[in-house]
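Notes for the structure review
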Amino acid sequence: MLDYYQSLELFSPEERAIQAAARKFLEAEAMPYIREWWEAGEFPTHLIKPFGEMGFLGSNLPEEYGAAGVSNNAYGLIMYELERVDSGLRSFASVQGALVMYPIFAYGSEEQKREFLPKLAAGELVGSFGLTEPDGGSDPGGNMKTKAVKDGDYYVLNGTKMWITNGAISDIAIVWAKDEEGKVLGFIVPTDTPGFSAPLVHHKYSLRASVTSELVMEDVRIHKDYLLPKSGSLKAPLSCLTQARYGIAWGALGPLEAVYTEALDFAKSRVTFGRPIAARQLVQDKLVYMLSEHTKGLLLAWKLGKMKDEGTLKHTHVSMAKRNNVRVALKSARLAREILGASGITVEYSAIRHMLNLESVDTYEGTHDIHTLILGRDITGENPFV
Ligand code: TGC
Ligand code: FAD
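Position labels on residues start from 1 in each chain and follow its written sequence. All chains are assigned letters beginning with A, and all ligands numbers beginning with 1, in the order in which they are written. Given that the model is predicted, a residue must reach a pLDDT of at least 70 before its local features are reported, and side-chain atom pairs must reach 80 or more before they are shown or counted; all residues, however, enter totals for whole chains, interfaces and linings. Computation of side-chain values covers all heavy atoms of the structure but excludes hydrogens and water.

1. Quick look at the site of ligand 1
Lining the immediate environment of ligand 1, one finds 26 residues, of which Ser91, Thr242, Arg245, Gly366 and Arg377 sit closest. Between ligand 1 and Tyr364 there is a distance of 3.3 Å, counted from an oxygen atom to a side-chain nitrogen or oxygen. For the area figures, the Shrake-Rupley method with a 1.4 Å probe applies, and any residue is considered shielded solely by the protein chains shown. Within the complex, 75% of the 1100 Å² of free accessible area of ligand 1 lies under protein. Judged by its atoms lying within 2 Å of the grid points, ligand 1 is housed in the largest pocket. Secondary structure elements are defined from DSSP: runs of H or I of at least 4 residues count as helices, runs of E of at least 2 residues count as strands, and each element is numbered from the N terminus. Going through the elements one at a time, helix H5 (87-107), helix H8 (235-251) and helix H13 (368-380) are the ones with two or more residues in the shell around ligand 1. One heavy atom within 4 Å of a molecule or strand is enough for the residue carrying it to be called near that molecule or strand. N or O atoms within 3.5 Å of each other form a polar contact, as long as, within protein, one can give a hydrogen and the other can take it, and as long as residues adjacent in sequence are counted only when both atoms are side-chain atoms. Using a 1 Å grid laid over the protein atoms alone, points where a 1.4 Å probe fits but cannot get out form a cavity; open sets with protein on both sides within 12 Å along at least 5 of 7 lines form a pocket; any residue with an atom within 4 Å of a point counts as lining. To be counted as sitting in a cavity or pocket, a molecule needs more than half of its atoms within 2 Å of that site's grid points.

2. What to know about the site of ligand 2
Close to ligand 2 lie 18 residues; Thr132, Gly137, Ser138, Trp163 and Thr367 are nearest. For ligand 2, a nitrogen atom lies 2.9 Å from a polar atom in the side chain of Thr165. Between ligand 2 and Thr367, the relevant distance is 2.7 Å, taken from an oxygen atom to a side-chain nitrogen or oxygen of the residue. Its atoms largely coinciding with the cavity grid, ligand 2 occupies the largest pocket. Elements with a minimum of two residues in the shell around ligand 2: strand S3 (154-165), helix H12 (351-363) and H13. Charged means Asp, Glu, Lys or Arg here, nonpolar means Ala, Val, Leu, Ile, Met, Phe, Trp, Tyr, Cys or Pro, and polar covers whatever is left, Gly included. Of the residues assigned to the shell around ligand 2, the class counts are eight nonpolar, eight polar and two charged. In this document the domain limits rely on a domain assignment from an automatic tool or a database. A domain split of the shell around ligand 2 shows at least three residues from each of domain 2 (128-231) and domain 3 (236-380).

3. What about the domain arrangement of the protein chain?
Parsing the protein chain into structural domains produces domain 1 (7-121), domain 2 (128-231) and domain 3 (236-380). For domain 1 versus domain 2, the separation of C-alpha centres amounts to 23 Å. When checking whether two residues touch, look at their non-hydrogen atoms; a contact exists if any pair is within 4.5 Å. With 30 residues of domain 1 in contact, the opposing surface of domain 2 contributes 22 residues. Together, Trp38, Tyr107 and Gln112 form the three largest contributors to the area buried by domain 1 at its contact with domain 2, with a combined 27%. Computed with a 1.4 Å rolling probe, the buried area is the accessible surface lost when two parts are put together, summed over both parts.

4. A look at the packing of helix H11 (residues 315-339) against H12
Contact geometry for H11 and H12: axes closest at 8 Å, N-to-C directions at 155°. Taken as axis vectors, H11 and H12 run roughly antiparallel relative to one another. For the pair H11 and H12, the sense of crossing is left-handed. Between H11, through Lys322, Val326, Arg327, Ala329, Leu330, Ala333, Arg334, Ala336 and Arg337, and H12, the contact on the second element is made entirely by Ala351, Ile352, His354, Met355, Leu358, Glu359, Val361 and Asp362. Grouping the amino acids of the contact of H11 with H12 by side-chain chemistry returns 10 nonpolar, one polar and six charged. Helix axes are fitted only over the stretch in contact, all axes being lines through C-alpha atoms; the angle between N-to-C directions runs from 0 to 180 degrees. Angle categories are assigned with fixed cut-offs, so that under 35 degrees is roughly parallel, over 145 is roughly antiparallel, 65 to 115 is roughly perpendicular, and the rest are oblique. Handedness of a helix crossing follows the sense of rotation of the near helix relative to the far helix, less than a right angle counterclockwise being left-handed and clockwise being right-handed.

5. Details of the layout of surface pockets
Size it by volume and the largest pocket reaches roughly 1300 Å³. For the largest pocket, the lining is made up of 49 residues, of which Leu241, Arg245, Tyr364, Glu365 and Gly366 are closest to its centre. Counting residues per element, the ones that place at least two in the lining of the largest pocket are H5, helix H7 (140-143), S3, H8, H12 and H13. Take the lining of the largest pocket: its biggest share by element is nine residues, from H8. Grid points are joined across faces, edges and corners, and a volume is the space filled by probe spheres set on the points.

6. Observations concerning the side chain of Lys322
Checked against the element boundaries, Lys322 lands in helix H11. Working definition: with a 1.4 Å probe on protein chains only, accessible area under 20% of the residue-type maximum means buried, over 50% means exposed, and in between means partly exposed. Under this rule, positive means Lys or Arg and negative means Asp or Glu; His and the chain ends count for nothing. Take a side-chain nitrogen of Lys or Arg and a carboxyl oxygen of Asp or Glu: if they are within 4 Å of each other, that pair is a salt bridge. Despite being buried, Lys322 has no salt bridge partner; Asp362 is the closest side chain of opposite charge, sitting 5.5 Å away. A distance of 2.8 Å separates the side chain of Lys322 from the backbone oxygen of Val361, its partner in a polar contact. The contacts of Lys322, once residues within four sequence positions are left out, are Arg245, Ile248, Ala249, Val361, Asp362, Tyr364, Glu365, Gly366 and His371.

7. Details of the pairing of strand S7 (residues 212-223)
Note on pairing: two strands pair once DSSP finds at least 2 bridges between them. Relative to S7, S3 runs antiparallel, the two being bridged by nine bridges. Residue Thr165 lies in a different strand from S7, and its bridge partner there is Thr212.

Next comes the structure, spelled out in C-alpha cells:
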C-alpha cells in the first residue's frame, strides 16, 4: 500500500493483515479483469459470494449477525482496496453494508436482523437502497414523492426511485417513503413483490462496472412486518448516508494510489527531449500533489475511523472527509491522465476509468457542494438550505 508517512504504523497488526489479505484476493480475482468488465458495462456478480467469504460485506457490524465485526479502520481499508480496483466494486460493498445492512441493524426489529443480516453478510442476498427520486437527490426530504399508505396489515407503496446502485440485481430494496402524515418510513421490499420493477440505467460513461437502476413501485403491498419499526423521520436515511460516506472517504484513496503509481511509472520511462518526463518540474509538481493528498487523506480517514470507534464522530466530520478525499482523488486522476498523454485516453491505463468513476463518486452520497454547505452550516450556524 502506498504509505509515504508510514501511516500504517498507526494501524493494529490485525487491521494490516486484513488490508493485505484484501489486496491479495483482489489482485488475483478482480484486477486482471476489471478493464474488460468496465468496457462491457458488467458488474462481476460471480464475486458477490467470495466477497461475503472474505468478510467484505458490512464488516464493521457485529459478529452476532454474521458480519466480521472488525474495527472501523479495518472496514475502511477494505473499502480502499475494493476501490483501488474500481469504484464499482466499492459501491457494491458500500450499498450492501452501509445502506442495506446498517439500516436493518439500526432501525430494524430483532426478527428482521436475524432474518436478513447473516444472508446479506454472506452475499447470499443482495440489497439496494432507494432514497433519491427523479426530481432530485440533494433534497431527499423535500423531493420525496414515494408514498406508503396503510391498508390493514399492509402498506401500499407507489413511487419511483432513481440512480439506484445494485437495483436490478437486488433481492431486497430498502425503500424510503412518506406516510399519510408525511413521516419518512423505511421498508424492506422483496424485489419479487408484484408491482415492483427495476429498469436498468443504460449509456453510463461512469461506474460502468456497477449496476444502476430505477426502482418503480406500482401498488406494491408490503406487510407491516417489513416496515423498519425504528424509522420515522428523515434522520433515519440520513444516518445511513453517514455510514456510506465514511466508506467513500476511505475508498477514494484507493484510486488515488492507483493513478499516482501508474503516472509515476509512466513518467520514469517516458523520454522526451532526451530525458524522462519525470525529470521535468511540471511533471514532478503533479506527482507531488497526488502523493501529498494521498498522505493527508489517509491521516484524515484514520482519525475518522478512530472517532467512529470511540463514538465521538459527527456526521459533519464525515462530510469533510468525503468531500475532501473524493475531490483530491478526482483531481489526481485527471492529472495522471494528463501525464499519460494520449495513452491516458484509453482504458489500457486505469486513469481515465478512475477519473470517470470518480465523477459519480463526487456526486453521489451528497455532492461536493452539498457537503460544502453542510460544513458551512455547522461552522457558521447559518442554514443555507432554507
Ligand atoms: P436536516 O435538517 O439537515 O436533517 C434532519 C435531521 O437529520 C440529522 N442529520 C443527520 N443525521 C445523521 N447523519 C447525517 N448525515 C445527517 N444529516 C442530517 C439532522 O441533525 C436533523 O436531526 P434533528 O434531530 O435536528 O431532526 O435535513 P435537511 O432536509 O435540511 O437535509 C439537508 C441535507 C443536505 C443535509 C441532506 O438532505 C443531504 O444530506 N442531502 C444529500 C443527499 C444524499 O447524500 N443522498 C445520497 C443518496 S444514497 C447514494 O447516493 C448512494 S451512492 C451508492 C454508493 O455508495 O455506491
Ligand atoms: P440535484 O440534487 O438535482 O443537484 C444538481 C446540482 O445542483 C448539483 O451540482 C448540486 O450540487 C447542486 N445543488 C443542489 N442543491 C443545491 C443548493 N441548495 N445549493 C447549491 N447547489 C445545489 N441514490 C440512492 O438513493 N441510492 C443509490 O444507490 C444511488 N446510487 C447512485 C449511483 C450513481 C452512479 C449515481 C450517479 C447516483 C446515485 N444515487 C443514488 C443518487 C445520488 O445520491 C444523487 O445523484 C445525488 O444525491 C445528487 O442528486 P441529483 O443527481 O438529483 O442532483
